[in-house]
Amino acid sequence: MHLNHAIATNKFNVLLYPILRRNGESSYYRMDFDASSSSSLTYKAIEFDFPCRSDKRISHAFIGSCNGIVCIELYRSIREDTICMWNPCTQEYKKVPKPPIHDENPIYFSYGFGYDQKIDDYKLLLLLSYTEYGLDSEVWVYTLGSNSWKQKASVPYNLYGLSVSKKLLNGAIHCVVINNVAVTDIKRKRQDADVIISFDVAEEQLTREIQIPSSIVGKVIRDVGVLGEDLYLSVCDDLMGKLELWVMREYGVVDSWTKLLSNSEKQTNWLSSTNRLPTFFETKWLRVSPLHTSCKNSEILLQVMISTDVAQESTIVSYDPLSGGFHKNLNIQDIPSVFIAETYVGSLISLKSDKDMQMLNN
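Here is what the cut-offs are and how they apply
Residues numbered from 1 in each chain as written. Predicted model: local features only at pLDDT ≥ 70, side-chain atom pairs only at ≥ 80, totals over all residues. Heavy atoms only, no water. Helix = DSSP H or I, 4+ residues; strand = E, 2+ residues; numbered from the N terminus. Buried < 20%, exposed > 50% of the residue type's maximum accessible area, 1.4 Å probe, protein only. Contact = heavy atoms within 4.5 Å. Core = buried A, V, L, I, M, F, W, Y, C linked by side-chain atoms within 4.5 Å. Pairing = 2+ DSSP bridges. Axes fitted to C-alpha atoms, helices over the stretch in contact; angles between N-to-C directions.

S.K.: With reference to specific residues and values, describe the environment of P88.
M.R.: With respect to the helices and strands, the residue P88 is situated in the loop between strand 7 (82-87) and strand 8 (92-96). By relative accessible area, P88 is classed as buried at 7%. Setting aside residues no more than four positions away along its own chain, P88 makes contact with F48, G68, V70 and Y344.

Structural data, given as structure tokens:
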């Protein structure tokens, strides 16, 4: 009931993990958003403790979120990483056991997270490959209820540059993979070799192959995900100095790919830590990732990450696709300077605590 009310009222939370942490810091930050309210409201980033402790030198990455449960990877390598399912509202969490994979480390691997409505359970997808140029990749699935991993049929794709969606769409996790690559030319692969595949969480199998828009051939796909009810691709055009966001308006229909925004070098100057705004050619790394779209006014909340010779910073901006305008100042107080972000809807859903789980008091 708590979850349904939050969804119905268009309320959600943004979870922030500070990349540049202070010594000994293990905190996350949370912002509460009401998408039906005006973007001129003041928001505050609230610091709170992350209960799944780890070595401070280990990096954190969001795998995804579903029904108020956030899945996080604490990693150095697949042999040393820890996967944690966590409800930020109740502070209940569970550490996932390591998958029974081969002794050697895979060259490429990535996780996906989702909810299986048929059995009312959460699942974790692992894609991995032990060869750099091969078109045969292993698939493993973890189920929370049984607390166990099982290997599924391999998929005929290469995982170089693998990107995995952090939200489900039509009950599936979506991934950008390579479906045909020259053995000697993988690092300079043709971009039209990229394809999106969907992995049905309930059926635990590959169900669909979706072609990318022909207009992004030769560009770098930075991210695949779900924006509202649409699949999206975040794309970088290094040659033209632009970032683009594409959405698939009709699922599975290639002709329905639509360019939602094209972001030129002049529009990437969102850094606030220096008076002199850097040019695009000083930018070493840049990403724009959609976080949420409002059903009421169609505005999109975007996370922007920039690294240049003079500064490194993350920020959250609001974009109006109707006017094409950006609004930087969301009046967010106490926000970390550099962070990664993930959205979730607050809920009291339990992870069905057992002896391996812990519930901490706020």
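This is not the end of the story, as more comes after the structure.
S.K.: So what's going on with the nonpolar core? Residues and values would help.
M.R.: In this structure, M85, F113, L124 and W149 are the most contacted members of the largest nonpolar core, which totals 21 residues. Here the element with the most residues in this core is strand 10 (residues 121-129); it accounts for 4 residues. In this structure, M85 is in contact with I69, V70, C71, E92, Y93, K94, V96, F113, Y142, L144 and L351, ignoring residues within four places of it in sequence.

S.K.: Let's hear about the sheet that holds strand 11 (residues 137-143): which residues, and what values?
M.R.: On the basis of which strands lie adjacent, the open sheet formed by 4 strands has the order 9-10-11-12 and antiparallel pairing. For this open sheet the edge positions go to strand 9 (108-116) and strand 12 (148-155), each flanked by a neighbour on one side alone. Neighbour-to-neighbour, the strand axes of this sheet turn through a mean angle of 20°, independent of strand direction. Bridge analysis of strand 10 against strand 11 gives 6 bridges, and the strand direction is antiparallel.

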